[in-house]
Amino acid sequence: GRVVLDDVSLAVPRGALVGFSGINGSGKTMLFRAISGLIHLTSGTVEVFGERVGRDVDFPGGLGLALESAGFWDEGTGSIRGVVGDREVDRALERVGLDPADVRPFSAYSMGMRQRLTVAQAIMESPELLVLDEPTNALDVDGIGLVADVVREEHERGCTVLVSCHNEPALESLFERCWRMVDGHLAGEVERP
């Protein structure tokens, strides 16, 4: 019974790197959930690469997604859909600073390791659209640097990248544009230095 996104209208060009800022509860995660097809809108539309989410497709094709509450099985490992092989999985883990040979179950991972794994699963299949919700939460300085490198590399590869973050200069310096969200709507573009 509560409006969580209100009159959000935005067109992001293919291959862009766009940031979203705002306090907790401002609507960033819900916007990312809507773009990803994880929630259904009561009005309006979301279109990704020419396909309407919820009508033409349930989820955007070529999506790499890292949300704050990633669902991993405590004992599980491996590729999400079996699209990539062990080499690509290992490379994604290495890119975020995890050891592919580490045999510990997910339940033994620290918060920082869990965050790194969330980013790794989002990039392992070379997505066309990468959506990262607060990807530097729980990370140390080295981890933040690795995530910033991943964002830059994915963008340079031609991926469209959407990132939300709170005052993280290593990421914010990469954004071509950054939008501020307040109470479920876009409150304007953040001025760039």
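Here, the structure is the one placed above.
The notes below deal with the structure included here. For clarity, every value in this text was computed on a predicted model and none was experimentally measured.

Calculation criteria
Residues numbered from 1 in each chain as written. Predicted model: local features only at pLDDT ≥ 70, side-chain atom pairs only at ≥ 80, totals over all residues. Heavy atoms only, no water. 1 Å grid on protein atoms, 1.4 Å probe; cavity = no way out; pocket = protein on both sides within 12 Å on 5 of 7 lines; lining within 4 Å. Points joined across faces, edges and corners; volume = space filled by probe spheres on them. Helix = DSSP H or I, 4+ residues; strand = E, 2+ residues; numbered from the N terminus. Nonpolar A, V, L, I, M, F, W, Y, C, P; charged D, E, K, R; others polar. Phe/Tyr/Trp six-rings, centres within 6.5 Å; stacked < 30°, edge-to-face > 60°. Buried < 20%, exposed > 50% of the residue type's maximum accessible area, 1.4 Å probe, protein only. Lys NZ or Arg CZ within 6 Å of the ring centre and 35° of its normal. Pairing = 2+ DSSP bridges. Axes fitted to C-alpha atoms, helices over the stretch in contact; angles between N-to-C directions. Contact = heavy atoms within 4.5 Å. Salt bridge = Lys/Arg side-chain N within 4 Å of Asp/Glu carboxyl O. Parallel < 35°, antiparallel > 145°, perpendicular 65-115°, else oblique. Patch = residues over 30% accessible without salt bridge, like charges linked within 9 Å, V, L, I, M, F, W, Y side chains within 5 Å. Areas by Shrake-Rupley, 256 points an atom, 1.4 Å probe, with all protein chains shown as cover.

1. Let's talk about the layout of surface pockets
In this structure, the second largest pocket spans a volume of roughly 880 Å³. Listing elements by their share of the lining of the second largest pocket, those giving two or more residues are helix H1 (28-36), strand E2 (47-48) and strand E6 (160-164). Looking at the lining of the second largest pocket, the element that brings in the most residues is H1, giving four residues. Looking at the lining of the second largest pocket residue by residue, the class counts come to 20 nonpolar, eight polar and five charged.

2. Details of the packing of aromatic side chains
A complete count under the given rule lists two aromatic pairs for this structure. With centroids separated by 5.5 Å and ring planes inclined at 90 degrees, the aromatic side chains of Phe-20 and Phe-32 adopt a geometry described as edge-to-face. Here Phe-20, found in strand E1 (residues 17-21), pairs with Phe-32, found in helix H1; they are 12 residues apart in sequence, far enough to count as distant. Residues Phe-20 and Phe-32 agree in their burial class; the two are buried. The positively charged end of Arg-114 is found above the aromatic ring belonging to Phe-106, 4.3 Å away from the centroid.

3. A look at the sheet that holds strand E5 (residues 129-133)
With mixed pairing, six strands are arranged side by side in an open sheet as E4-E5-E6-E1-E7-E8. Of all strands in the sheet, those with a lone pairing partner are strand E4 (63-66) and strand E8 (185-189), marking the two edges. Pairwise comparison of adjacent strand axes, ignoring direction, gives a mean angle of 20 degrees for this sheet. In terms of strand pairing, E1 meets E6 through four bridges, oriented parallel. Bridging from a neighbouring strand, Val-18 pairs with Leu-162 of E6. Packing against the sheet, H1 makes contact with E1, E4, E5, E6 and strand E7 (177-182), and its axis sits at approximately 155 degrees to E5.

4. Looking at the pattern of salt bridges
Should their charged atoms come close, side chains of opposite charge can pair. If you walk through the whole model with that rule in mind, you get 11 salt bridges. Across the pair Arg-152 and Asp-149 runs a salt bridge whose closest N-O atoms are separated by 3.3 Å. Of this pair, Arg-152 and Asp-149 both sit in helix H4 (residues 141-156), three residues apart, roughly one helical turn.

5. A look at the packing of helix H3 (residues 111-123) against H4
Their axes nearest at 11 Å, the elements H3 and H4 cross at an angle of 10 degrees. Classified by the angle their axes make, H3 and H4 are roughly parallel. Together, Arg-116, Val-119 and Ile-123 of H3 and Asp-142, Gly-143, Leu-146, Val-147, Val-150 and Glu-154 of H4 make up the contact between the two elements. When its residues are assigned to classes, the contact of H3 with H4 shows five nonpolar, one polar and three charged.

6. Focus on a nonpolar patch on the surface
Residues Val-8, Leu-10 and Val-12 make up a contiguous nonpolar surface patch of about 170 Å² in total accessible area. Counting through the fold element by element, Val-12 comes out in the segment before E1. For Val-12, a relative accessible area of 30% puts it in the partly exposed group.

Don't take any of this as a statement about function, it's just geometry.
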